Amino acid sequence: AGNFHARRRFAAFRALLDFIGVDLNRLQFSWVSAAEGGKWVEVVTDLTERVRTMGPMPEFKELEHEELWSTFAEASADKSKVVNTPELKEAYDSIS
């Protein structure tokens, strides 16, 4: 019953990704038993190669520029680049 539950959840997840515009070639659902280590390696390797060939998603590259996501990676040295409101500064300070 768990496999069928997972398949239904995957179908809903796939529909959601399709709705938001994610290329469904970046997604795969495979039945692999714990005893099928070789098949697992093959499935993961094939999907990884396929996604690498496709390259980064253009939608996320656009978001990166709009939301300044790349700044977060650089922010460890200079918090002023990201933490520019009192609310964000308070939230950041509470976790750092």
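Computed from a predicted structure; not experimentally measured.

**What to know about the overall build of the protein**
Next up, step 1: Scanning the protein from terminus to terminus reveals five helices and zero strands.
Next up, step 2: Reading the protein from its N terminus to its C terminus gives the helix and strand order α-α-α-α-α.
Next up, step 3: Split into buried and exposed, the 96 residues of the protein put 12% on the buried side.
Next up, step 4: For the protein, the accessible area works out to roughly 7900 Å², and carbon and sulfur atoms hold 58% of it.

**A word on the packing of aromatic side chains**
The way to describe two aromatic rings as a pair is by their centre distance and the angle between their planes.
Next up, step 1: Counted by the stated rule, this structure contains three aromatic pairs.
Next up, step 2: On the basis of an interplanar angle of 40° and a centroid distance of 4.8 Å, the ring pair of F10 and F29 is categorised as tilted. Taken together, the residues F10 in helix α1 (residues 2–20) and F29 in the loop between α1 and α2 (37–54) connect sequence positions 19 residues apart.
Next up, step 3: Residue classification places F10 among the buried positions, given a relative accessible area of 18%.
Next up, step 4: Of the aromatic side chains, those joined through ring pairs into one cluster are F4, F10, F29 and W31.

**Concerning α1**
Next up, step 1: Given a rise of 1.5 Å per residue, 19 residues ought to cover 27 Å, and the 27 Å separating the end C-alpha atoms of α1 matches this to within 8%.
Next up, step 2: Phi turns positive, to about 95°, at G21, one or two residues after α1.

**Some words on the confidence of the model for the protein**
Next up, step 1: Scored by pLDDT, the protein comes out at a mean of 79, with 71% of its residues at no less than 70.
Next up, step 2: Looking over the protein, one finds the lowest element-wise mean pLDDT in helix α4 (residues 69–74), namely 54, and the highest in α2, namely 94.

**Remarks on a nonpolar patch on the surface**
Next up, step 1: A cluster of nonpolar residues, F13, L16, F19 and I20, forms a patch on the protein surface that exposes about 470 Å² of accessible area.
Next up, step 2: Relative to the elements of secondary structure, L16 occurs in helix α1.
Next up, step 3: The partly exposed category is assigned to L16, whose relative accessible area is 45%.

**A look at α2**
Next up, step 1: Over its 18 residues, α2 extends 26 Å from the first C-alpha to the last, a length consistent with the 26 Å expected when each residue adds 1.5 Å.
Next up, step 2: Looking one or two places after α2, you find G55, whose phi comes out positive at around 80°.

Procedures and definitions
What you see as residue numbers is a count from 1 along each chain, following the sequence as written. Totals for whole chains, interfaces and linings use all residues, but because this is a predicted model, local features are given only for residues with pLDDT of at least 70 and pairs of side-chain atoms are given and counted only at 80 or more. The basis for every side-chain value is the complete set of non-hydrogen atoms in the structure, without hydrogens or water. Helix and strand assignments come from DSSP, with helices taken as H or I runs of at least 4 residues and strands as E runs of at least 2, each series counted from the N terminus. The buried label goes to any residue with under 20% of its type's maximum accessible area, the exposed label to any with over 50%, and the partly exposed label to all in between, with areas taken from a 1.4 Å probe on protein chains only. Accessibility throughout is a Shrake-Rupley quantity obtained with a 1.4 Å probe, and a residue counts as covered only by protein chains that appear here. The aromatic pairing rule takes the rings of Phe, Tyr and Trp, using the six-membered ring of Trp, and pairs them if the centres are within 6.5 Å, calling planes under 30 degrees apart stacked, those over 60 edge-to-face and the rest tilted. In this scheme, a helix's expected span is set at 1.5 Å multiplied by one less than its residue total. pLDDT is defined as a per-residue confidence score from the predictor, taking values between 0 and 100. Within the patch definition used here, like charges are joined within 9 Å and nonpolar side chains (Val, Leu, Ile, Met, Phe, Trp, Tyr) within 5 Å, considering only residues with over 30% relative accessible area and no salt bridge. Each reported salt bridge corresponds to a side-chain nitrogen of Lys or Arg within 4 Å of a carboxyl oxygen of Asp or Glu.

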